[in-house]
Amino acid sequence: MSSPQKIFGTDGVRGTANVEPVTAETALRLGRAAAYVFKNLERQSRGRGRHKIVLGKDTRLSGYMLENAISSGILSMGVDVLFIGPLPTPGVAYITRSLRADAGIVITASHNPYADNGIKFFRADGYKLDDKIEDKIENLVFSGEIENIRPTADAVGKAVRIDDALGRYIEFAKAGFPRGLTLEGMRIVVDCAHGAAYKSTPCVLRELGAEVVVYGNQPDGMNINHDCGSMHPEAICRKVVEHQAQLGIAHDGDADRVLLCDEKGRLIDGDDIMAVASLDMLAQKTLAEKTLVTTVMSNAGLEAAVKSAGGRVIRTAVGDRHVIDEMLRGGFNFGGEQSGHLIFRDFGTTGDGLVAALQTLRIMKTRKRPLSKLARCWTRFPQLVVNVKVREKKPFDQINDVAKLVRQAEQELKKQGGRVLLRYSGTEPKARLLLEGRDARVLKNWSEKIIGPIRKQIGA
């Protein structure tokens, strides 16, 4: 196999479908390795017996290829496969727990274009894998250590299709919405991005009493995320106004994130949702440790609003996995990203776009206020982001004057609750500078000072 010796990224395996590492051959090896690792992990905790792995996917054409390959690998190691078909990523995590499986796997590239695909893994408890388990799987894929393990006869795994997986997830999602509330009288526009939520989200909203106008619910294997969903939220904002709806909901391809639109057609992003929900939870005394967990990309105004309400904010590196890890470490129950990954740990183990939308609807109904008014609970600080192409990623403290200028900017902006974030892109040859504060003119002045020496000394 010609693929590199590292296949796991920040969120599972991802890339162009049918190009290494997202090929049928590697998927089969991943299936074998994962089955071996999870089988032995769970044997330690629950003894012998038939082992099983839940396998779901989004609506990409290449999902069929990868589903068959990875299931063959799992079955060849004597582990059963439970097929659940197209289902949101959080649905796969829930079904894994519900069926008491050894692990869950979802074939998806989330918000990426349809030509991409990927493979995400969940532990038996519905949480994403830690690095140690990923390393074990990865090592087995390349080492060939399990090539001679070939169960035969009745020791080979069997495949079963779980027909009620969608219904189970729908009931799970509804359980987080108070029984005494309904959505009657509300018109909601939903854009499912032709992805995994094309059945679940409209169904839940209708069962709760809403009038639902649905877009992006006709997947053909190639239209996932194409000019729709949370990657193109301008569409949902336009449609909310057109249909005179009270709310717009836009998912990405695997529905682990959501962006909303208020009744006036204004986009409500993850920072807005976190502000509304965390302040409500602080008021209800349900925000664990009075703490919101978010990433370095969230607006400084969010942190200011939470602090003024008596809470605190912990920031992590970019990525919902980092947010969840911090939540688990500290026993926190709410966190998320500006991009729309929202984790309500009282209701689930991973980002769930449907659950986040329902929690926002709960607040709208209990407070009897439209989303536009709820979203005024915080003030977004002026933000300036500058990207500079570079020919090398030289440490910033080795670029003349940059470290000193950053420290000076931090001292000034900190007085007004702002901040400075200078980093290199993990995927592109770019330096990224983010400045936040209350005065846009001050931000522009500091950006020119800091970017100048970077552009002069290592600019492409």
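Data block above holds the structure.
All of the points below concern the structure found in this document. (Residues numbered from 1 in each chain as written. Predicted model: local features only at pLDDT ≥ 70, side-chain atom pairs only at ≥ 80, totals over all residues. Heavy atoms only, no water.)

Let us now look at the side chain of Asp11. The topology assignment puts Asp11 in the segment before β1 (13–16). Looking at Asp11, its side chain comes within polar contact range of the side chain of Lys128, at 3.1 Å. In contact with Asp11, other than residues within four places in its own chain, are Lys120, Lys128 and Asp320. (Helix = DSSP H or I, 4+ residues; strand = E, 2+ residues; numbered from the N terminus. Polar contact = N/O pair within 3.5 Å; in protein donor to acceptor, adjacent residues only side chain to side chain. Contact = heavy atoms within 4.5 Å.)

Counting buried residues in strand β17 (residues 419–424) gives five out of six residues, a clear majority hidden from the surface. Bridge analysis of β17 against strand β18 (residues 430–436) gives six bridges, and the strand direction is antiparallel. Bridge assignment links Arg419 to a residue of β18, and that residue is Glu436. (Buried < 20%, exposed > 50% of the residue type's maximum accessible area, 1.4 Å probe, protein only. Pairing = 2+ DSSP bridges.)

Strand order in the open sheet made by the five strands is β8-β7-β9-β10-β11, with mixed pairing throughout. Taken across any chain shown, the strands that pair with only one partner, and hence form the sheet edges, are β8 (211–215) and β11 (267–268). Two elements, strand β7 (residues 187–191) and strand β9 (residues 247–251), share four bridges in a ladder whose sense is parallel. Among the inter-strand pairings, Ile188 is bridged to a residue of β9, identified as Leu247. Of the strands in this sheet, β7, β8 and β9 touch helix α6 (residues 200–207), which is tilted by about 170° from β8. (Axes fitted to C-alpha atoms, helices over the stretch in contact; angles between N-to-C directions.)

Okay, the nonpolar core next. Core analysis: the biggest nonpolar cluster contains 64 residues, and Ile188, Leu205 and Leu361 have the highest contact counts within it. Discounting chain neighbours no more than four positions away, the residues touching Leu361 are Phe177, Leu183, Met186, Ile188, Leu205 and Leu247. One finds Phe8, Val81, Phe83 and Val141 within the second-largest nonpolar core, a separate group that totals 33 residues. (Core = buried A, V, L, I, M, F, W, Y, C linked by side-chain atoms within 4.5 Å.)

Contact pair α6 / helix α11 (residues 353–367): the axes reach a minimum separation of 11 Å and the direction vectors enclose 25°. As summarised for this structure, α6 and α11 are arranged roughly parallel, according to the angle between their axes. As for the relative orientation of α6 and α11, their crossing is right-handed in sense. Where α6 abuts α11, its residues Ser200, Thr201, Val204 and Leu205 lie against Leu354, Leu358 and Leu361. Taken together, the residues of the contact of α6 with α11 sort by class into five nonpolar, two polar and no charged. (Parallel < 35°, antiparallel > 145°, perpendicular 65-115°, else oblique. Left-handed = near helix turned anticlockwise from the far one by under 90°. Nonpolar A, V, L, I, M, F, W, Y, C, P; charged D, E, K, R; others polar.)

A cluster of nonpolar residues, Leu61, Tyr64, Tyr114 and Met222, forms a patch on the protein surface that exposes about 420 Å² of accessible area. Position of Met222 relative to the elements: it lies in the loop between β8 and α7 (234–243). In this structure Met222 comes out as partly exposed when scored by relative accessible area, which is 43%. (Patch = residues over 30% accessible without salt bridge, like charges linked within 9 Å, V, L, I, M, F, W, Y side chains within 5 Å. Areas by Shrake-Rupley, 256 points an atom, 1.4 Å probe, with all protein chains shown as cover. Salt bridge = Lys/Arg side-chain N within 4 Å of Asp/Glu carboxyl O.)

It is worth spelling out the environment of Ile162 at this point. Checked against the element boundaries, Ile162 lands in the loop between β6 (159–161) and α5 (165–175). Here the alpha-carbon distance between Ile162 and Val54, two residues 108 residues apart in the chain, equals 9.2 Å. Those residues in contact with Ile162 that sit more than four places away from it in its chain are Leu82, Phe83, Ile84 and Leu99.

Backbone torsion omega between Glu20 and Pro21 reads 5°, so that peptide bond is classified as cis. As for its position among the elements, Pro21 is in the loop between β1 and α1 (24–46). The phi torsion at Asp227 lies on the positive side, around 55°, for a residue other than glycine. In this structure, Asp227 sits in the loop between β8 and α7.

So, on to the pattern of salt bridges. One pass over the full model with this rule turns up 31 salt bridges. A salt bridge links Asp131 to Arg321; the nearest nitrogen and oxygen atoms lie 2.3 Å apart. Of this pair, Asp131 sits in helix α4 (residues 131–143) while Arg321 sits in helix α10 (residues 320–330), and the two are 190 residues apart along the sequence. One salt bridge in this structure joins Arg187 and Glu211, with 3.1 Å as the shortest N-O distance. Linking Arg187 in strand β7 with Glu211 in strand β8, this pair joins segments that are 24 residues apart in sequence. According to the relative accessible area criterion, Glu211 is partly exposed, its value standing at 42%. What you see here is one network of salt bridges that share partners, running through Asp11, Arg14, Lys120, Lys128, Asp254, Asp256 and Asp320.

This part covers the environment of Val190. Secondary-structure assignment places Val190 in strand β7. As a C-alpha pair, Val190 and Val19 span 171 residues in sequence and 33 Å in three-dimensional space. Filtering out sequence-adjacent residues up to four positions away, Val190 remains in contact with Thr201, Leu205, Val212, Val213, Val214, Tyr215, Ile236 and Ile249.

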